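# Structural features, examined
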Amino acid sequence: MSRFSVAVGEAWKDRRRLLLSWFALPLSLVAALLLGAIMMLALGANPITGYNALIVGAFDGSYALGSTAVRAAPLLLVAVGICVAFRANVFNIGGEGQLAMGGLASSATALALPNLPSIELIPLVLLAGAAGGAAWGAIPGAFKAYFNVNEILSTIMLNLVAVQIMNWLLAGPMVDKTQNSTYGLIPETRLLPRASWLPILIPNTQLHLGVLIAVVVAVGVWVLIYRTSFGFRIQAVGLSRDASRYAGMPVKRTMTLAMTISGAMCGLAGALLVFGSISHRMVTDGSLTGFTGSDGFNGIVVALFGALNPLWTIISAFLFGGLLVGGDALQVATGVPADMVTALEGLVVVFVVSLEYMRRRSRTTSSPSRRSRARPTEPVAPAESLVTADERSDP
Amino acid sequence: MTTPAASPSREGVPLLQMMGITKRFPGVVANDRVDFDVRSGEIHTLFGENGAGKSTLMRVLYGLYRPDEGEIQVNGAKVAITSPADAIRRGIGMIHQHFMLVDTLSVAENVALGEKSQRGPLTDLGRVSERIRELADTYRLNVDPQAIIWQLSVGERQRVEIIKALYRNVSLLVLDEPTAVLTPREVDELFVVLRQMTEGGRGLVFISHKIHEVLDISDRITVLRAGRNVGTIQSSEASRARLVELMVGRAVALESQPSKGTGGEVRLSVKDLHVKGDRGIEAVRGLSLEVSAGEIVGIAGVSGNGQRELSEAIAGLRTPLSGSIRLGDAELSAANPADARAAGLAYVPEERMRDGVVPFFTVAQNLLLVENRSRDYSRLGFLRTRAIRRHCQELISAFDVRTPSLDTPARNLSGGNIQKLIMARELSGSPQVLLVAQPTRGIDVGATRYIHERLVVQRDDGTAVLIISEDLDEIMTICDRVLVMYEGTIIGSADPRVNTREEIGMLMAGVKSAVPPLAGEPATASP
Ligand SMILES: Nc1ncnc2c1ncn2[C@@H]1O[C@H](COP(=O)(O)OP(=O)(O)OP(=O)(O)O)[C@@H](O)[C@H]1O
Ligand SMILES: [Mg+2]
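Residues numbered from 1 in each chain as written. Chains lettered and ligands numbered in written order. Predicted model: local features only at pLDDT ≥ 70, side-chain atom pairs only at ≥ 80, totals over all residues. Heavy atoms only, no water.

### Side note on the overall build of chain A
Along chain A, the regular secondary structure elements total 15 helices and zero strands. Nonlocal contacts in chain A, meaning residues at least 24 apart in sequence, comprise 75% of its contacts between residues at least 6 apart. Counting every atom, chain A has about 17200 Å² of accessible surface; 69% of that belongs to carbon and sulfur. (Helix = DSSP H or I, 4+ residues; strand = E, 2+ residues; numbered from the N terminus. Contact = heavy atoms within 4.5 Å. Areas by Shrake-Rupley, 256 points an atom, 1.4 Å probe, with all protein chains shown as cover.)

### Details of a nonpolar patch on the surface
Taken together, Ile 139, Phe 143, Tyr 146 and Phe 147 of chain A make up a surface patch of nonpolar side chains, about 420 Å² in accessible area. One can find Tyr 146 of chain A in helix α5 (residues 118–147). (Patch = residues over 30% accessible without salt bridge, like charges linked within 9 Å, V, L, I, M, F, W, Y side chains within 5 Å. Salt bridge = Lys/Arg side-chain N within 4 Å of Asp/Glu carboxyl O.)

### Some details on the site of ligand 1
Close to ligand 1 lie 21 residues, the nearest being Gly 51, Ser 55, Thr 56, Ser 414 and Gly 416 of chain B. More than a single chain frames ligand 1: its nearby residues are located in chains A and B. Contact between ligand 1 and Thr 56 of chain B: an oxygen atom at 2.5 Å from a side-chain N or O atom of the residue. Surface burial for ligand 1 is 96%, taken as the share of its 640 Å² of free accessible area covered by protein chains. Elements with a contribution of two residues or more to the shell around ligand 1: β2 (28–38), α1 (54–61) and α14 (415–428) of chain B. Sort the elements by how many residues they give to the shell around ligand 1 and α1 of chain B lands first, with three residues. Across the shell around ligand 1, the residue classes break down as six nonpolar, eleven polar and four charged. (Near = heavy atom within 4 Å. Polar contact = N/O pair within 3.5 Å; in protein donor to acceptor, adjacent residues only side chain to side chain. Nonpolar A, V, L, I, M, F, W, Y, C, P; charged D, E, K, R; others polar.)

### Description of the environment of Glu 156 of chain B
Residue and element names in this part refer to chain B. Note on placement: Glu 156 falls in helix α5 (residues 154–167). The partly exposed category is assigned to Glu 156, whose relative accessible area is 27%. Expressed as a C-alpha distance, the spacing of Glu 156 and Glu 186, which sit 30 residues apart in the sequence, is 9.4 Å. (Buried < 20%, exposed > 50% of the residue type's maximum accessible area, 1.4 Å probe, protein only.)

### Focus: the sheet that holds β2 of chain B
Residue and element names in this part refer to chain B. Pairing is antiparallel in the open sheet, where four strands are placed in the order β2-β1-β4-β5. Each having just a single partner strand, β2 and β5 (77–79) make up the two edges of the open sheet. Pairs of neighbouring strands in the sheet enclose a mean axial angle of 30 degrees, with direction left out of account. Here seven bridges tie strand β1 (residues 16–25) to β2, and the two strands are oriented antiparallel to one another. Opposite Arg 24, over in β2, you have Val 29 as the bridge partner. Running over the sheet, α1 touches β1, β2 and β4 (69–74) and is turned about 115 degrees from β1. (Pairing = 2+ DSSP bridges. Axes fitted to C-alpha atoms, helices over the stretch in contact; angles between N-to-C directions.)

### Section: the domain arrangement of chain B
Residue and element names in this part refer to chain B. Domain annotation for chain B reports domain 1 (16–100 + 171–248), domain 2 (255–344 + 431–527) and domain 3 (356–429). Once you take the C-alpha centre of each, domain 1 and domain 2 turn out to be 34 Å apart. At the interface, 13 residues of domain 1 touch eleven residues of domain 2. When domain 1 packs against domain 2, the two sides together hide about 950 Å² of surface, and 52% of this comes from carbon and sulfur. In terms of surface lost to domain 2, no three residues of domain 1 exceed Asn 50, Thr 183 and His 209, which account for 39% of the buried area on that side. Linking domain 1 with domain 2 are zero salt bridges, by the criterion used here. Linking domain 1 with domain 2 are four residue pairs in polar contact (both at pLDDT 80 or more), by the criterion used here. Tallying contributions element by element places helix α8 (residues 240–248) first for the side of domain 1 that touches domain 2, with three residues. By residue class, the composition of the side of domain 1 that touches domain 2 is six nonpolar, four polar and three charged. (Domains from an automatic or database assignment. Buried area = accessible area lost by both parts, 1.4 Å probe.)

### Considering the nonpolar core
Judged by nonpolar contacts, the single largest core of 92 residues is most densely connected at Leu 104, Leu 126 and Phe 275 of chain A. For this core, the element with the highest residue contribution is helix α3 (residues 61–87) of chain A, accounting for 15 residues. The residues touching Leu 104 of chain A, leaving out its near neighbours within four places in the chain, are Ile 165, Met 166, Leu 169, Leu 170, Met 174 and Met 282 of chain A. Counting residues in hydrophobic clusters, the runner-up holds 89 residues, among them Val 297, Tyr 347, Ala 464 and Cys 479 of chain B. (Core = buried A, V, L, I, M, F, W, Y, C linked by side-chain atoms within 4.5 Å.)

### Comments concerning unusual backbone geometry
All names here are of chain B. Phi is positive for Ala 226, which is not a glycine, with a value near 45 degrees. Within the fold, Ala 226 resides in the loop between β9 (220–225) and β10 (228–234). Exposure remark for Ala 226: the relative accessible area of 59% places this residue in the exposed category. A positive phi angle is found at Glu 487, which is not glycine, with a value near 45 degrees. Of note, Glu 487 is situated in the loop between β21 (481–486) and β22 (489–494). Residue class for Glu 487 comes out partly exposed when judged on its relative accessible area of 46%.

### A closer look at the sheet that holds strand β6 (residues 92–95) of chain B
Residue and element names in this part refer to chain B. Spatially, β6-β7-β8-β3-β9-β10 is the arrangement adopted by the six strands of the open sheet, whose pairing is mixed. Where the open sheet ends on each side, the last strands, each with one partner, are β6 and β10. Strand-to-strand, the axes of this sheet are offset by a mean angle of 20 degrees, without reference to chain direction. Note that strand β7 (residues 172–176) and strand β8 (residues 203–207) share five bridges and pair parallel. Looking across to β8, one finds that Val 174 is bridged to Val 205. On the sheet, α8 packs against β3 (43–48), β9 and β10 and is oriented at approximately 30 degrees with respect to β9.

### Quick look at the pattern of salt bridges
Residue and element names in this part refer to chain A. Scanning the model with the defined rule gives 38 salt bridges over all chains in all. A salt bridge links Arg 71 to Asp 295, with the shortest nitrogen-to-oxygen separation between them at 3.2 Å. Here Arg 71, found in helix α3, pairs with Asp 295, found in helix α11 (residues 295–305); they are 224 residues apart in sequence, far enough to count as distant. Accessibility expressed as a relative area gives 25% for Arg 71, which makes it partly exposed. For Asp 295, a relative accessible area of 0% gives the class buried.

### A look at helix α10 (residues 251–275) of chain A
For α10 of chain A, which comprises 25 residues, the first-to-last C-alpha distance of 36 Å matches the rise-based estimate of 36 Å (1.5 Å per residue) to within 8%. By the criterion of burial, α10 of chain A is predominantly enclosed, with 21 of the 25 residues buried. (Expected span 1.5 Å × (residues − 1).)

### A word on the side chain of Asp 86 of chain B
Residue and element names in this part refer to chain B. Along the polypeptide, Asp 86 turns up in helix α2 (residues 84–89). Residue Asp 86 is classed as buried on the basis of its relative accessible area, which comes to 6%. Looking at Asp 86, its side chain comes within polar contact range of the main-chain nitrogen of Thr 82, at 3.0 Å. Separated by 3.2 Å, the side chains of Asp 86 and Arg 89 make a polar contact. If we skip the residues at most four places from it in the chain, Asp 86 touches Ala 80 and Ile 81.

### Side note on helix α17 (residues 501–508) of chain B
Residues and elements named next belong to chain B. Three or more residues of α17 are buried, namely Ile 504, Leu 507 and Met 508. Projected down its long axis, α17 shows its buried positions confined to an angular sector of 105 degrees, all on one face. Its buried side turned inward, α17 meets β13 (296–300), α16 (472–478), β21 and β22. Once α17 finishes, Gly 510 follows within two positions and takes phi at roughly 95 degrees, a positive value. (Arc of directions from axis to C-beta.)

### With respect to the side chain of Glu 474 of chain B
Residue and element names in this part refer to chain B. Within the element layout of this structure, Glu 474 appears in helix α16. In this structure Glu 474 is buried but unpaired, with Arg 441 as the nearest side chain of opposite charge at 8.7 Å. Setting aside residues no more than four positions away along its own chain, Glu 474 makes contact with Pro 439, Thr 440, His 452 and Ser 469. (Lys, Arg positive; Asp, Glu negative; His and termini not counted.)

### So, the packing of helix α4 (residues 95–112) of chain A against α5 of chain A
Residue and element names in this part refer to chain A. One way to put it is that α4 packs onto α5 with a least axis distance of 7 Å and a crossing angle of 145 degrees. With respect to the hand of their crossing, α4 and α5 are arranged in right-handed fashion. Of the residues in α5, those in contact with Gly 97, Gln 98, Met 101, Gly 102, Ala 105, Ser 106, Thr 109 and Ala 110 of α4 are Leu 121, Leu 124, Val 125, Ala 128, Gly 129, Gly 132, Gly 133, Trp 136 and Gly 137. Its residues assigned to classes, the contact of α4 with α5 comprises eight nonpolar, nine polar and no charged. (Left-handed = near helix turned anticlockwise from the far one by under 90°.)

Following this line, the structure appears as structure tokens:
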């Protein structure tokens, strides 16, 4: 190869890298949607009708936008929580359990204080939600920090425990006994005090205060991570426990706190699910995701989609919320089974993750410098990239 | 297997020729049209300041970086080396300063790693072990194929790396600062092996900052300055002064003769300390020492005699079995680095990449690692970006840390510049006690002098300085008092102005009566 063609080859590689890094997200979306279209065709539905319904349902008009934002708010909070934990090199898979605990704690608070005015009750229930989630995040955090218990295992187990506690409480001690059902009681609480409902910000939409709170929290967490000395320590601990310890940082406490904050975000999301709901009760259906609607897991996807940066996560949560809201509309318009919509969401995830993988590969092959200096004792990849979480090994 | 002597080909054609190699990184030209060649049977040394581009040039050769410009010829044929595997296929091996061995595997397994087994998918460890023994015999490299890597000392690990290269039958071997981590005796042994390796016609590239080693082992020496080749000379024509002049571009005096410290109140006092080492054996056995404000105390000794465990215990990174450590007014009992720092300790660790820096953090973030809570750099928990940047800018210019910017990740700095960064950070507070392990390991001669001067300034400001170093020259130059550590205790003390290198060397070898105990120092030697 002549020197010239080498240069051209390199330039082309650079171009490709650029394409991959800036268009990875839109590209993966388009790819997933194309595949979804083929699936719809196979099911005898018209994909154009379907996607039209999806976009209209999610983004057309203030009502649709409001619904999308409301659907996005808990996702955003969970995702932001994932970001915090990830910076400390802890992977929080416990969103489901933390959501449930947040929902329970906030509902119980509202039920116990029926006579408080909104201005006191709303902050209280939100704090209670955050506290419930925080407790459920602190446990695996502390176990990881102090006893080196793998957080992925412990958070998944705690999800199961939380769901069992929730199902028991909602079917037993907290159940609404006034309902008259011939088929047994629905596992739900009484109607929560009106003063605890999250106020609607824009009339004739569902857009409630929780959306604003979620966005403010996301920005706040960004500031916390990148502009405060506590955030600095979280990052340091996440990147090198040894160097942080040597520098005199309280490594274990920082890790535990990061997981606690992460849990608090998820718990707050749980409170939004309750007090921003249309029924204004805490409801489940006895299944694992009956209360959360899988937001604890979807939030992970949102966080990855948002490059684990709280600010990007705002956009990614909104898009993903749109997919969920529009998915319902798509289903109604085309009559495809609900599973089809779930599959579509899954496809987006798969494409995002694989494109990110390709992006990383192209980066490492065309500039080996990034890899070659990696010494055996360092984490393998910079924390910025999406798929690093599972590649990082724990000491 | 063929011996490498069979391959070096046409007469007069060098084994390796690198022509006009340019490698740029964001903000720096690490190699600027460098010409470099290695002949069969020679040891060719690369010499130059920290960040001059030595490692970069060798990484280009080993296929870790692709050059922006230039050409590489192996045995006269133009090649494009795209990966380390490719380099090894072409007979080029490299031993990095940070070894690339898998800790939990045996020597034989590490050597077999990445090699095709002759038994297809099955491993072939028996044959590998046999071959390792053969090579170990031929080159008198004392290595047990069955030993597990983590049990080995640094010197032993290096021998494993050499065996690995020999096993792959390389005809050109690059050794990037191999002697930085070795004891003087191990260096001598290494040099014997290196000489023997060239006899078969191999070519070696050697990198070191120690001029006496360079003059001792090299056939030719190439000096890099700021990425450029500023001269390739025969070792016989080289001298200390000439090399230094080439390296920095002007003549400089390297020897400094610092004044003697006065000494004051005791700042660090260790009594009857016992500390367990990594391998479960007691590494520090009843050690006592004292360091006063305004003096530099050096701990000399062959590495592996408990120095690392001692320093980690003082720094609060390792819990002692028994004994006491007093730092200023504070008694440090349980291992807690934060307590030690709060009591006024600054510590430059031996394991830079692991303990000293967060490799993915930027230069600025690494400089802030210790003081991130200080009032000067954070207000109400928020980082004061402007003040931080100003402070960092001052530090990197004061310590001559060569970096394209404050926002360059620390992992992209050259080895010596990472050490300077850590030094800058640790000296920037006003520590009561300064503990420095291997202060100038991997540091070029100019910067070494500068660091020594800074240590002396620190001492004159009233800091108690404790230096752990294997470099006897360093100890003799800057210390006011020398303690020799042997098998976990202080076997004796010496005055560098009175005692000779030989006397201290005897103590280091464990010969106790070599130096008569100095008056007024009964407590330092342990029972
Ligand atoms: N991967 C990289 N990314 C960016 N810059 C780099 C990278 N590797 C090296 N550099 C820069 O290139 C220059 C040369 O570095 P190199 O490691 O080759 O120096 P060196 O001569 O080996 O120094 P030392 O004696 O300190 O090891 C330095 O300025 C360094 O910061
Ligand atoms: Mg180097």
